[in-house]
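This is what each chain is made of:
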Amino acid sequence: MTEILLKTLPFFALIVLGWAAAATRFFPAQGAAWLTKFVFYFALSAMLFRFAAGVDLGQLFDLRFVLAYLAGSTAVWALGLCVARARGLALPEAAMEAQCCMIGNTGFLGVPMLVVLLGPAAIGPVLMVLIIDMLVFSTLITLIVHGSRHGGLRLVTVLPVLRGVAANPMILAMVAGLTWGGMALPMPAPLDEFLALLGAAATPGALFAIGASLAGRRLARLAPSAWLSGAKLVLHPAAVGLAAWGFGVDPVAAGVMVVAAGLPVAGNVYILAQHFGLAQQRVSTAILISTAASIATIPVLIVLIGA
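All of these numbers come straight from a predicted model, not from anything done at the bench.

A.B. asks: Explanation requested: the overall build of the protein chain in the structure shown.
C.D. replies: Secondary structure assignment for the protein chain yields 15 helices and 0 strands. What you see for the protein chain is a C-alpha radius of gyration of 19 Å, in line with the 19 Å of a compact globule of 307 residues. In terms of overall dimensions, the protein chain has C-alpha extents of about 55 × 45 × 40 Å along its principal axes. Counting across all 307 residues of the protein chain, residues that qualify as buried make up 53%. Once local pairs closer than 6 in sequence are excluded, the contacts in the protein chain between residues at least 24 apart make up 84%. Split by element, the accessible area of the protein chain, about 13,600 Å² in all, is 72% carbon and sulfur. The distance from the centre of the 15 positive side-chain charges to the centre of the 9 negative ones in the protein chain is 17 Å.

Rendered as structure tokens:
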């Protein structure tokens, strides 16, 4: 346990460094926004393209893995929705809380950290989790909000949602990388070195940006936010772990899935909450609590899966 904790500490130390730099205003809020944009559009996209280009498409898509992750995640999502509705929240707001319960920071934290901690075998499962989260659940919440606010779903409202998902740089980078690898195209040495150099900036840049983005958040609505954080860090990995066992997922891939499910609430959930004007304070606080608590919970999950 101590060895795993020591391995994860440098990653969380980068988050703390970003938080300290922003909290002391040495690193301005505008700087955090531009660093996030650099990581999102350039560094992380380069990393994802390079990873995807080296993954066999047949090995990436494992139906049992997909079904297990969907089953476990949908169960937690539905539980989060039911709890929110029981508290009297409207459907769009309840759906936003449900997102908090199972959308983890796979892009900015999971991809850079888990591949290093769990090895190259984690690349395929982590990419699959990222793809499912973006294509299925991020689309779902957007459609629910649009449908609720416009009296139902119409083609004119659905098409922009689908275009927005398809235009996500992470999706484009992974599709491009998988296409490159699927066509067995050679990777010229200068291109590979360029992608490696640019992608290497994703890990420190993303972690620093996560920390900087937390500096402006304040703790409020603690009770519901603590529930959302607990659901994300405990219930989600437990649910996908049980589903992975039930579907007979390969133990290595199942372990990666469990740790990926135990990542803290993703920052893009807050972006959606802010965009739609739904539960911003609860989502923001859940991100802060779950990120801080994950310093302890992620090493525990790594130990439990026997990595």
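Moving on, there is more to tell.
A.B. asks: Hey, could you run me through helix 7 (residues 123-149) in this one?
C.D. replies: Along an α-helix, residues three or four positions apart point the same way, because every turn accommodates 3.6 residues. The end-to-end C-alpha distance of helix 7, which contains 27 residues, comes to 38 Å, matching closely the 39 Å that a straight helix rising 1.5 Å per residue would cover. Approximately 30 degrees is the largest bend angle found in helix 7, and it occurs at Asp-133. Counting buried positions along helix 7 gives 20 out of 27 residues, so the element sits mostly inside the fold.

A.B. asks: What is the right way to look at the nonpolar core in this model?
C.D. replies: What tends to happen in soluble globular proteins is that the nonpolar side chains get buried as a cluster. Grouped together as the largest cluster of nonpolar side chains are 103 residues, with contacts concentrated most on Leu-48, Met-96, Met-113, Leu-127 and Val-283. At 13 residues, helix 7 tops the list of elements feeding residues into this core. Beyond its immediate stretch of four places on either side in the chain, Leu-127 contacts Leu-48, Phe-51, Ala-52, Val-55, Leu-60 and Met-174.

A.B. asks: For this particular structure, what's the right way to read the environment of Gly-124?
C.D. replies: Its location among the elements puts Gly-124 in helix 7. The sequence separation of Gly-124 and Gly-54 amounts to 70 residues, and the corresponding C-alpha distance is 9.6 Å.

A.B. asks: Just to check I follow, could you spell out the pattern of salt bridges for this structure?
C.D. replies: Opposite charge on two side chains permits them to pair, given that their charged atoms come into close proximity. Tallying each qualifying case throughout the model produces 5 salt bridges. A salt bridge links Arg-87 to Glu-97; the shortest N-O distance between them is 2.8 Å. Of the two residues, Arg-87 sits in the loop between helix 4 (63-86) and helix 5 (91-102) while Glu-97 sits in helix 5, which places them 10 residues apart along the sequence. Overall, the relative accessible area of 37% leaves Arg-87 in the partly exposed class. On the accessibility criterion, Glu-97 (0% relative accessible area) is buried. In this structure, the salt-bridge partner of Arg-282 is Glu-93, at a minimum N-O distance of 2.2 Å. Of this pair, Arg-282 sits in helix 15 (residues 280-304) while Glu-93 is found in helix 5, placing the two residues 189 residues apart along the sequence. Residue class for Arg-282 comes out buried when judged on its relative accessible area of 6%. Via salt bridges that share partners, Arg-87, Glu-93, Glu-97 and Arg-282 belong to a single interconnected network.

A.B. asks: What is the right way to look at the state of the cysteines in this model?
C.D. replies: A disulfide bridge is the covalent bond that connects two cysteines by way of their sulfur atoms. One pass over the full model with this rule turns up 0 disulfides. There is no disulfide at Cys-82, and the cysteine sulfur nearest it, in Cys-101, is 11 Å away. In this structure Cys-101 is a free cysteine whose sulfur lies 6.8 Å from that of Cys-100, the closest cysteine sulfur available.

A.B. asks: How should the side chain of Ser-290 be read in this particular structure?
C.D. replies: Among the structural elements, Ser-290 can be located in helix 15. Owing to a relative accessible area of 0%, Ser-290 belongs among the buried residues under this scheme. A polar atom in the side chain of Ser-290 sits 2.7 Å from the backbone oxygen of Ala-286. When sequence neighbours within four positions are dropped, the list of residues in contact with Ser-290 reads Ser-229, Leu-233, Pro-264 and Val-265.

Reading the values: rules and limits
Within every chain, residues take consecutive numbers counted from 1 along the sequence as written. Where totals are concerned, whole chains, interfaces and linings use all residues; where local detail is concerned, this predicted model gives features only for residues with pLDDT of at least 70, and gives and counts side-chain atom pairs only at 80 or more. Think of the side-chain values as coming from all heavy atoms in the structure, minus any hydrogens and water. Secondary structure follows DSSP: runs of H or I at least 4 residues long count as helices, runs of E at least 2 residues long count as strands, and numbering of each begins at the N terminus. Our radius of gyration looks at C-alpha atoms and nothing else; its globule reference is 2.2 Å times the residue count to the power 0.38. Whether a residue is buried, partly exposed or exposed follows from its accessible area with a 1.4 Å probe, protein chains only, as a fraction of its type maximum: under 20%, in between, or over 50%, in that order. Residues count as neighbours in contact if any of their non-hydrogen atoms are within 4.5 Å of one another. All accessible areas in this document rest on Shrake-Rupley with a 1.4 Å probe, and a residue is counted as covered only by the protein chains that are shown. For the purpose of charge, His is not counted, nor are the chain termini; Lys and Arg are scored as positive and Asp and Glu as negative. For charged residues, the charge sits on one atom: NZ in Lys, CZ in Arg, CG in Asp, CD in Glu. Multiplying 1.5 Å by the helix residue count minus one yields the expected span of that helix. Bending is quantified residue by residue as the angle between axes fitted to the seven-residue window ending at that residue and the seven-residue window starting at it. We define the nonpolar core as a collection of buried residues of types Ala, Val, Leu, Ile, Met, Phe, Trp, Tyr and Cys that are connected through side-chain atoms lying within 4.5 Å of one another. What makes a salt bridge here is a side-chain nitrogen of Lys or Arg within 4 Å of a carboxyl oxygen of Asp or Glu, nothing more. A pair of sulfur atoms, both from cysteines and within 2.5 Å, is called a disulfide here. In the analysis that follows, any N or O atom pair within 3.5 Å is treated as a polar contact, provided that within protein one partner can donate a hydrogen and the other can accept it, and provided that, for residues neighboring in sequence, both atoms belong to side chains.

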